[in-house]
Amino acid sequence: MTEQLNIQEFLDALTRRTEAFFNGELGIAFTGRGFQIDDVQKLDLKSITAIMSATGALKLYLAYSFDAPLIEDAFAAYTADLDIAEDERADAVQETAGDIINIIVGNALADLAATGPTIALSPPIVLTEAKSVMRHRGAKFASAELHADAGHMSIHLIGPGELFNDVLEYVKE
């Protein structure tokens, strides 16, 4: 990310692209949304969370956190034409979460490309155990919450990235 990055603009682009992808590709409509910038003290992660890092002058993590029923509905729509064995289902649901964040974040960054340099993204990492991330040591959180009939999802921007490891635990000094 560049130092000129407007976090609200980036979160808005992610939210727009998320809503468009879920509605257009998965047939899932969101019925409500909410935003919080900088005053969030604790992030409660949901059943499955896909995270990736963005690098540049300002490092941050992006986390897409899904309620179990919502990611299950997304998985069913995303893999409707595939025959997935039951013993591979859990891994395939996690891969779906990773694919979703890859597609959406890539498209959102393309929307913002005219305002700054290219941004490098890491491959997504998927967490399957819900946990919380408390804000301390200068961390900044910006979040959007999207509501659908099947459940909720959160989009979190967490920075600066050097404060965290790949599973959103604080790095010890």
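Residues numbered from 1 in each chain as written. Predicted model: local features only at pLDDT ≥ 70, side-chain atom pairs only at ≥ 80, totals over all residues. Heavy atoms only, no water.

Asker: Teacher, can you tell me more about the overall build of the protein here?
Answerer: In terms of helices and strands, the protein carries three helices and nine strands. Taking all 173 residues of the protein together, the buried fraction comes to 42%. Counting only contacts in the protein whose residues sit at least 6 apart along the sequence, the fraction spanning at least 24 positions is 73%. In the form shown here, the protein has an accessible surface area of approximately 8600 Å², with 48% of it arising from carbon and sulfur atoms. (Helix = DSSP H or I, 4+ residues; strand = E, 2+ residues; numbered from the N terminus. Buried < 20%, exposed > 50% of the residue type's maximum accessible area, 1.4 Å probe, protein only. Contact = heavy atoms within 4.5 Å. Areas by Shrake-Rupley, 256 points an atom, 1.4 Å probe, with all protein chains shown as cover.)

Asker: In this structure, what is going on with helix H3 (residues 89–112)? I would like to understand it.
Answerer: Side chains three or four residues apart in an α-helix point the same way, a direct result of the helix having 3.6 residues per turn. Counted at 1.5 Å a residue, the expected span for H3 with its 24 residues is 34 Å, and the 35 Å between its end C-alpha atoms agrees. Those residues of H3 that sit buried are Ala 92, Val 93, Thr 96, Ala 97, Gly 98, Ile 100, Ile 101, Ile 104, Val 105, Ala 108, Leu 109 and Leu 112. (Expected span 1.5 Å × (residues − 1).)

Asker: Can you walk me through the side chain of Thr 79 in this structure?
Answerer: Assignment of secondary structure puts Thr 79 in the loop between helix H2 (68–78) and H3. Looking at Thr 79, its side chain comes within polar contact range of the main-chain oxygen of Phe 75, at 2.6 Å. Residues in contact with Thr 79, not counting those within four places in the same chain, are Ile 84 and Thr 96. (Polar contact = N/O pair within 3.5 Å; in protein donor to acceptor, adjacent residues only side chain to side chain.)

Asker: I tried to follow the pairing of strand S4 (residues 60–66) on my own but got confused; where do I start?
Answerer: Look at any regular strand and the pattern is simple: side chains alternate between the two faces of the sheet. Counting buried residues along S4, seven of its seven residues qualify, which places the element largely inside the surrounding structure. What you see with S4 is no split at all: Leu 60, Leu 62, Tyr 64 and Phe 66 on one side and Tyr 61, Ala 63 and Ser 65 on the other are buried throughout. In this sheet, S4 lies alongside strand S3 (residues 48–55) in antiparallel orientation, the contact comprising seven bridges. Across the sheet, the residue bridging to Ile 48 is Phe 66, located in S4. (Pairing = 2+ DSSP bridges.)

Asker: What's the story with the pairing of S3 in this structure? I'm lost.
Answerer: The buried count for S3 comes to seven of eight residues, which makes it a mostly enclosed element. By the bridge criterion, three bridges tie S3 to strand S6 (residues 125–127) in an arrangement that is antiparallel. Following the sheet pairing, Ala 50 is matched in S6 by Val 126. Bridge analysis of S3 against strand S5 (residues 120–121) gives two bridges, and the strand direction is antiparallel.

Asker: Whenever I open this one, the packing of H2 against H3 confuses me. Can you help?
Answerer: Axis angle and axis distance: for two packed helices, these are the angle between their axes and the distance between the axes, and together they describe the pair. One can describe the packing of H2 onto H3 by two numbers: an axis separation of 10 Å at closest approach and a directional angle of 85 degrees. One element, H2, and the other, H3, form an angle in the roughly perpendicular class. Facing H2, whose interface residues are Ile 71, Glu 72, Ala 74, Phe 75 and Tyr 78, H3 presents Arg 89, Ala 92, Val 93, Thr 96, Ala 97, Asp 99, Ile 100 and Ile 103. The residue makeup of the contact of H2 with H3, split by class, is nine nonpolar, one polar and three charged. (Axes fitted to C-alpha atoms, helices over the stretch in contact; angles between N-to-C directions. Parallel < 35°, antiparallel > 145°, perpendicular 65-115°, else oblique. Nonpolar A, V, L, I, M, F, W, Y, C, P; charged D, E, K, R; others polar.)

Asker: What am I meant to see in the packing of helix H1 (residues 7–26) against H3 here?
Answerer: Packing of H1 against H3 brings their axes to within 9 Å, and their N-to-C directions diverge by 130 degrees. For the element pair H1 / H3, the angle class is oblique. The chirality of how H1 crosses H3 is right-handed. Across the interface between the two elements, Glu 9, Phe 10, Ala 13, Leu 14, Arg 17, Thr 18, Phe 21, Phe 22 and Leu 26 of H1 pack against Ile 100, Ile 103, Ile 104, Val 105, Asn 107, Ala 108, Leu 109, Asp 111 and Leu 112 of H3. Split by residue class, the contact of H1 with H3 holds 13 nonpolar, two polar and three charged. (Left-handed = near helix turned anticlockwise from the far one by under 90°.)

Asker: Can you walk me through the confidence of the model for the protein in this structure?
Answerer: It should be kept in mind that the predicted coordinates are not to be read in detail where pLDDT is low. Overall, the predicted model of the protein reaches an average pLDDT of 83, with 79% of residues at or above 70. Taken element by element, the predicted model of the protein shows its lowest mean pLDDT in strand S7 (residues 132–134) (74) and its highest in H2 (95). (pLDDT = per-residue confidence, 0-100.)

Asker: Any chance you could explain the nonpolar core here in plain terms?
Answerer: A general tendency of soluble globular proteins is for nonpolar side chains to be buried together. By size, the foremost hydrophobic cluster in this structure holds 38 residues, and its most contacted members are Leu 14, Phe 22, Leu 62, Tyr 64, Ile 100 and Met 153. For this core, the elements supplying multiple residues, two or more each, are H1, S3, S4, H2, H3, strand S8 (140–148) and strand S9 (151–159). Tallying contributions element by element places H3 first for this core, with 10 residues. Aside from chain neighbours lying at most four places away, what touches Leu 14 is Leu 62, Tyr 64, Ile 104, Val 105, Ala 108, Ile 155 and Leu 157. (Core = buried A, V, L, I, M, F, W, Y, C linked by side-chain atoms within 4.5 Å.)

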